[in-house]
Amino acid sequence: MTSSTLRIRPSSISHQGRSPEDLSYLATLITSYTPEMELSVEYLPIETDSTQIAEISDLIEFLSDSEQSVLLIDADFDQALVIRSGQRLDDILRQLVGESLYRTEFLAIIVLVRKLPLRVDDLAELALDPKNDGRLVIVSQNGATMGGLSNLNTSVLVKHTLAVPAPKVDLLREVLRFRGVFASEGPGRTNYHLFHYVPAPASLDIIKRKLVGLIAQSECDIVLFDCSNAGPWFRQTVDASCTQVQGTGRELYTVDVTGLTQQECHHQVAAATESLGRPADSLLLVIPALHQGTTLGRTVNRIPQDLTTNIDAVSVFASNYAIETFEHHDSALAVPYGGRQFLVDFLIDVPIEVLSRHDWKVTAASMLDEVVTGDYSQHPPFPAPQIALWSLFEKVGISEEDPVPTGRPAKRYFPNLGAIDEWDAHWLAECAINAILESSPASNRAALLIVMPSERNGTMPISLALENKCDVAVLTIPREILSGQSELPDDDRKKLVRHQADFIVAFDESAVTYSTIDSLCRVVKSVVGDDPDMVGAVIDLGPGGKLDFSITSWKALSEVSA
Amino acid sequence: MENSDPSRVQSVAAHVRCSAAPEGWPRSERQSGRSSTVRSASAHMSPNNRSIEGDRNTNPSRVPASETCPIQRQAASTATKADRSKPCGGSVTEPVHLIVLERRVRIDDLLPYYSRADGLAIDNLWQKYIAADESATLPVLIDLSHVRFIAHDCLLFLTALVRERESASLETFFELPSADNAWNFIRSWKFPECVQSITGRSFEYNLAPKTRERYLADRNVLPQYTSPIDLPGGGTTEDFLRKQFQLMPLRLDLGNPLRAATFASAPWMDLHMRTVLDVFLRDQSLSTEGDTTNAGDRVGSTVVMEAVLNAAMHPAAKTGYITSQIVPDNPFSKTASSLEIGIWDDGTSIADTLRERLSSGGSIFSDSYGLVDEIFEVELIRTRGRAVSQRFERTLHSSQEEIDAHFPWLTVAAFFAGVSAIPERSTSGATRNSITAKISDDIDGRAGMGLRYIRRHVLDLWDGEIRYWSGHYRMSMTKGNAENSYRVVIQYRPESSWPLQGNLLMLSIPLRIAQGGKR
């Protein structure tokens, strides 16, 4: 039995889900042979590249003359992430699958998706159409199937497919870490932290799924949650999780205890118990983050004593301090409070850096009025606080500029952005995206192409973050092409042409004489006939007036380096 | 989000009355009140109703407005922009006309019966009492003081009306509902801000005196459906419980329809809202154990998205408003609860856009046209007053190679897959000549699918209703008896009625609880 694979993704989230290698491996497991052909389509959410799809359709037809062929299509990604993605995907699959079914002899076409389509989708109509003899089967990530039921061979193939679990999503990839000085009120004093974490939209669905699982497993009747120091994402996720559980018919009450006094909390819990018509068997307490256990203790203190006998807790985040400090019970942490121990499940562990109030960053942030209190997630990442950038430069260090564009000396003091970690690269990339969207009302995240130089400085981690975490398309161009020593490869040229209707931005790690930005513009113009729509950099060290945006800028006092 | 006790919501059109200006309004207005209009209105009054005159005569609090009242000032003018600078209390020469939606007692069983203001009611009122003569060119007061329930489409209709009248330098004034729930509804749904953005003046300027006093007194009190939230940098703002419900202005002239569409659909993609909709809209015919469908996602990602993209693609569209409401089930009319979404834009109508294309010799069919068999059974009704004067029936089929280029048929044809005013747009034709051209012309690789996506979801998947109003046409589309067939009723209002400017698309999606769930 032979097979072919086809991986389909919107260009802005081409990394999501199985890699081409994973897909090839899955096809090998299903059919016992390596796939004969592995194809990939990166489609644009605004417009379908019909030429590319027609070419792939012809290739599929060419290779599918054997009755023992299987076509494995991987369209397993979160459609809600990219605007109009679902409509485009359904349209493309209708063209590809529809033609393959009618024009070829495939034994089966297996389409892997995140969620099953609805019956008004063209793909569902094809799968449920009896004329297709069950040759088309759609498999969702959690193992539900559509179509293919009438064909025994197909069922066997699906069984093999389901035996290989979908790749796990790394929640950490979907969390944005803000830098800055963040203050929270502790018992009798103010605590300062260097980082603040906010889940990206893609991770909320995963967090919800995990919370739904935990709530469904627990026998709790009442879910209490405390939104202190958390953004709207937390309330939204807990509400959604409880609604989903309630939607299955389970009687469940939610109580938001944020900001409630002990007496108010008593009233709320009593009202929920009254609605229940019997004493609550157990409570589930959901908190946004577990660090020293302060929020947990504060909430437990406000719950009526007669109801505190059986409390389980879940925290979305747990700090490295909490994980190192509290005792582990299976996957939960045992947090002591008031002579008792509470088992706290957690979903994501993150590093927290506590700042003393004498730390220079706290002092400087206070002087600059940049200490953040309350909910920071309400703020967009851009403009970034000055203290956040200084703390980043402190971390990565300052050295002589390297590499240096030809035609000027190196800067003596230059932030070593090549050393930034994934967290900071993601944060800087989000700053850039927000700067672009803020400056141009005609831009849209799903319709952005960021063109950057490919160099061994900060551009590398930032371009990776843009591509893998920020849901935008990126094209990196090596220095030799920027300097005119070689031509842009065909694939990159095609990518620019395909994105020519998008909002194109030339972006660099830093700009001094703007020569690299000019080179990026020249390359873009040579292919699409027009300059990029916007130019920007993380750091603007030039005379100014050239860039549309920068995340920070300054005029260096000491320029010289031999 | 409803604004009345569900059990008391009535779907019957409100009693309507038109009157000359009351006592307390400028003298010449009363004197010059159009007697024929008054008589006509009186003839429709229930005997159990108090007259507005009587009401005002016995209620001293209704007496007027101070000399500084803007409505008085404006009534005194000839309603031109140039005259707005006239001092207060100037001589009054023109009447202010009133549209009243009034509470009345049901005669047959004497049960309380509450007025409901919806788009249809306003449409009927306008046709009946204003548009028939030159009154439409005078300042108009829309009196909602006795209204107990307001449907969100009423706000969209009034928005369109104010916008059109403002562009003709005509003033429109309001008497807001006295009932608390309807009063709160208007404020929560941001109608004052909407009128303010259209007129460029404070909302109180467009209010009748008594309403104005209450509005100003309540200005610093948050309405019922909102709650205060603290801003991180200090201060507070009001947080509407669900932002997707209130009148949301859309900039449609930015050159990027996706931007407006993203903005409008984002609140519907809120995780909690998606989950709630998933519970209420789950496709039970596909229920697979352990699986979750993405029905909830589709309201934002497809229905709202495509509706806004469609609006933004209308030629000359600069501004739009989107709003929604959950209407509770009504035991009297036996209608189920539904999610209602409405969007109005000020662009050229769908039919005119297609007709312009045809008249320039172009085609309106893309490659997708005719790929699916689709049938629309259309009934066109011309009305004169309440009577039906003419009735046409016609079947439109996607196999037809030509479509009658008259307004109603082109409007229906726009819902076929593959019908578009720009059917040839594709990647190969994309250029970077300008931001506007490059994005709006290439918004859809396979043109003419947006309204089909909406139709497939609202009608085929959720068994709802699509209403589309433009000019004198009022279209309603529901699912037909067979697969891919649809029933369309188009009412053609008399030429004397108010021609709705732009496009008003209203979607009604019945809500049902998923199997095994509970409310």
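Use the structure listed above.
Residues numbered from 1 in each chain as written. Chains lettered and ligands numbered in written order. Predicted model: local features only at pLDDT ≥ 70, side-chain atom pairs only at ≥ 80, totals over all residues. Heavy atoms only, no water.

Novice: Looking at this structure, I do not really get the overall build of chain A. What am I missing?
Specialist: The helix and strand tally for chain A stands at 17 helices and 24 strands. Taken over C-alpha atoms, the radius of gyration comes to 27 Å for chain A, in line with the 24 Å a tight globule of 562 residues would show. Relative to its 562 residues, chain A shows a buried fraction of 59%. For chain A, contacts bridging at least 24 residues in sequence account for 71% of all contacts bridging at least 6. Just so you have it, chain A exposes about 22700 Å², and 50% of that area is on carbon and sulfur atoms. If you average the places of the 45 positive and of the 76 negative side-chain charges in chain A, the two averages end up 2 Å apart. (Helix = DSSP H or I, 4+ residues; strand = E, 2+ residues; numbered from the N terminus. Rg over C-alpha atoms; globule rule 2.2 N^0.38 Å. Buried < 20%, exposed > 50% of the residue type's maximum accessible area, 1.4 Å probe, protein only. Contact = heavy atoms within 4.5 Å. Areas by Shrake-Rupley, 256 points an atom, 1.4 Å probe, with all protein chains shown as cover. Lys, Arg positive; Asp, Glu negative; His and termini not counted. Charge placed at Lys NZ, Arg CZ, Asp CG, Glu CD.)

Novice: What am I meant to see in the sheet that holds strand β19 (residues 500-510) of chain B here?
Specialist: Think of a sheet as strands paired side by side through backbone hydrogen bonds, with each pair either parallel or antiparallel. All names here are of chain B. Reading across the sheet, the nine strands line up as β11-β12-β13-β19-β16-β17-β18-β14-β15 and stay open at both edges, with mixed pairing between neighbours. In this open sheet, the two strands that pair with only one neighbour each are β11 (248-251) and β15 (387-397). Between one strand axis and the next, the sheet turns by 15° as a mean value, whatever way the strands run. In this structure, β11 lies alongside strand β12 (residues 319-327), joined through four bridges in antiparallel fashion. Bridged to Pro249 within β12 is Tyr321. (Pairing = 2+ DSSP bridges. Axes fitted to C-alpha atoms, helices over the stretch in contact; angles between N-to-C directions.)

Novice: I keep staring at the sheet that holds strand β3 (residues 69-75) of chain A and nothing clicks. Help me out?
Specialist: Residue and element names in this part refer to chain A. One open sheet holds the six strands; their spatial order is β2-β1-β3-β4-β5-β6, and the pairing between them is mixed. Only two strands of the sheet have a single partner each, and these edge strands are β2 (37-43) and β6 (145-147). Adjacent strand axes in the sheet meet at a mean angle of 15° when their direction is disregarded. For β3 and strand β4 (residues 108-113), the ladder comprises six bridges, and the chain directions are parallel. The residue bridging Leu72 from the neighbouring strand is Ile110, located in β4. In the packing of helix α3 (residues 85-103) onto the sheet, contacts are made with β1 (2-10), β2, β3, β4 and β5 (136-140), and the angle to β1 comes to roughly 160°.

Any functional reading would require information that these geometric values do not contain.
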